[in-house]
Number of protein chains: 2
Amino acid sequence: MRSFDEYKSLIEDNLTSFLPDPGEHARILRESMAYSLSIGGKRIRPVLLLASCDAAGGDVTAAIPYACAIEFIHTYSLIHDDLPAMDDDDMRRGKPSNHKVYGEAMAILAGDGLLSSAAELIAGQALPLKGDKDALYAHSRATFEILTRAGASGMIAGQTADVANEGNEATPGLVRFIEEHKTADLLTAPVRAGLMLAGASEDMIKDFTTYAYNLGIAFQILDDILDYEGSSELMGKTLGKDIEQDKCSYVNVHGMNAARSELGRLTDEAKSAISSYDNSAFFIELADKLENRNH
Amino acid sequence: MRSFDEYKSLIEDNLTSFLPDPGEHARILRESMAYSLSIGGKRIRPVLLLASCDAAGGDVTAAIPYACAIEFIHTYSLIHDDLPAMDDDDMRRGKPSNHKVYGEAMAILAGDGLLSSAAELIAGQALPLKGDKDALYAHSRATFEILTRAGASGMIAGQTADVANEGNEATPGLVRFIEEHKTADLLTAPVRAGLMLAGASEDMIKDFTTYAYNLGIAFQILDDILDYEGSSELMGKTLGKDIEQDKCSYVNVHGMNAARSELGRLTDEAKSAISSYDNSAFFIELADKLENRNH
């Protein structure tokens, strides 16, 4: 196993090189996609894919395109979420959001382009595997996993529930639905896909899914806490929007004390699901780091 | 070979059944995706996929999900193109466009959802093929073909060139770039993918690519002609927007007479590329029908 920063470097060294060339009359498309990919980010999702693959003895280098595709998907979702018709955020990661730099039309296209490029990048990994049916099958499972959890029964369903219920009274069930789909699905997908690529056992996939699910819900709850208590400067985006836009958040429904306590419980649950595995130290450390983040 | 309408029925009987279930708190997502899929359309792209697969002796039933995925992609592109920040069209196929019914935020998400659902639907076709390496390889090629031509070096590059050059002086090279990517790529993709699924020869794929490319450019030029001369009622959308938005169109650059003559030349080119094949009648008839359409 490598360190978080080593996995992160593998991602950042390759990320924009995987973008397609849109051709001479559409250079601005690549520029706007690369802008949002390059303004930083924790890279938790792609690191989780590489680390999970590594933990199960898989080929980390071969997993890099899948990891970058996950970051493409995460980045497209942020570009579209920041649009005026959605959360209307001018800042992202301390920089102007995509539509503030390139305009709304290009931001819509950059998001579409990143989602397409993710699917295309993953799909392209199958071609050199011709004849290797085990590798092709592992690829097929990982591909379906990523696209499904990012899609209309996954992340987009979560975002829909968030947007469609603004101003409605939030229920615990609705809040959990949003946490599960908007956030946890895109942490679960890379963990499961990394393990599938490595040919991990079904037991290991199940235990690490429990880890990623709890990590994901905890991640969203802490985001909700930081929307009240965090520093806009550290977070690199406008805070206080949950109240302003009357969002369904854990804090709004259950209160700050319950949110803090649920954060601790979920982090413990995540860690205990995988603590018996040889390579659990990396994942336990990550869960602790995320529980204590201030941005 | 079946008739155009028989292929079309195979698509329309299955189209919305392939949409994922977004779950109880996001039903509106499926509703908005289904709305835009169900308000009609010529279904040329998915029909081309089934017919091409059929022409090469492939399994038409197994190709239906790929064909529906192409229609998902076409539909998402229309939803996003109609947004106020893009072409700002209130009408599509004679009905209110998606954002007029569901609002801008949901229209963005419905487009994202349809693109994701397309990729997910195609990816899911690989799973039952476990162990069949020839079928998996044909699937992989067709998948990559569709996603690439729909993506940031394909259709989205064309849309970018169109949007980014509004108000700029159009050149013949720019107009051809837009025709190739915005339109022809999404007619070439289903033809090539259908043939790949059927295991067609490289020669056949090459000739049918020539057919589809010329058909696609002709299709866009006739769209530009109809923007001037067509009936808004028949077309089901606002016309005259090319002048109003100062768009790069063949008619604007070369004039109406040249456009009519290029339409005829491209249609002849398309037909002659495939006329020696056994099953060419279907494709010749389609090219003639498209050349003479008034909507």
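Read on for a plain summary of the structure. (Residues numbered from 1 in each chain as written. Chains lettered and ligands numbered in written order. Predicted model: local features only at pLDDT ≥ 70, side-chain atom pairs only at ≥ 80, totals over all residues. Heavy atoms only, no water.)

## Some thoughts on the side chain of Asp223(B)
Residues and elements named next belong to chain B. As for its placement among the helices and strands, Asp223 is situated in helix 10 (residues 202-229). Within the structure, the side chain of Asp223 is placed 3.2 Å from the side chain of Arg293, a separation counted as a polar contact. Residue contacts for Asp223: discarding those within four places in its chain leaves Met235, Lys237 and Arg293. (Helix = DSSP H or I, 4+ residues; strand = E, 2+ residues; numbered from the N terminus. Polar contact = N/O pair within 3.5 Å; in protein donor to acceptor, adjacent residues only side chain to side chain. Contact = heavy atoms within 4.5 Å.)

## Observations regarding the relation of the copies chain B and chain A
There are two copies of the chain, and a rotation about an axis plus a shift along that axis relates them. Rotating chain B by 180° about the axis while translating it 0.0 Å along that axis superimposes it on chain A, leaving an RMSD of 0.0 Å. Such a turn and shift between the copies fits a two-fold axis. Residue Lys133(B) of chain B places its C-alpha closer to the rotation axis than any other residue of that unit, at 2.7 Å. Mapped onto chain A, 100% of the interface residues of chain B are again interface residues, and the two copies thus contact each other with one and the same surface. (Least-squares fit on C-alpha atoms with pLDDT ≥ 70 in both.)

## Quick look at the pattern of salt bridges
Under the criterion given, the structure shown has 32 salt bridges over all chains. The network of salt bridges with shared partners includes Arg176(A), Glu179(A), Glu262(A), Arg265(A) and Glu269(A). (Salt bridge = Lys/Arg side-chain N within 4 Å of Asp/Glu carboxyl O.)

## Some remarks on the packing of aromatic side chains
One pass over the full model with this rule turns up 14 aromatic pairs over all chains. Ring plane angle 75° and centroid distance 5.2 Å describe the contact between Phe282(A) and Phe283(A), whose orientation is recorded as edge-to-face. Exposure remark for Phe282(A): the relative accessible area of 12% places this residue in the buried category. Under the relative-accessibility criterion, Phe283(A) is labelled buried at 0%. Ring geometry for Tyr211(B) against Phe283(B): centres 5.6 Å apart, planes inclined by 85°, an arrangement best described as edge-to-face. One end of the pair, Tyr211(B), is in helix 10; the other, Phe283(B), is in helix 15 (residues 280-291), and 72 residues separate them in sequence. Stacked on the ring of Phe4(B), the Lys or Arg Lys289(B) has its end atom at 3.8 Å from the ring centre. (Phe/Tyr/Trp six-rings, centres within 6.5 Å; stacked < 30°, edge-to-face > 60°. Buried < 20%, exposed > 50% of the residue type's maximum accessible area, 1.4 Å probe, protein only. Lys NZ or Arg CZ within 6 Å of the ring centre and 35° of its normal.)

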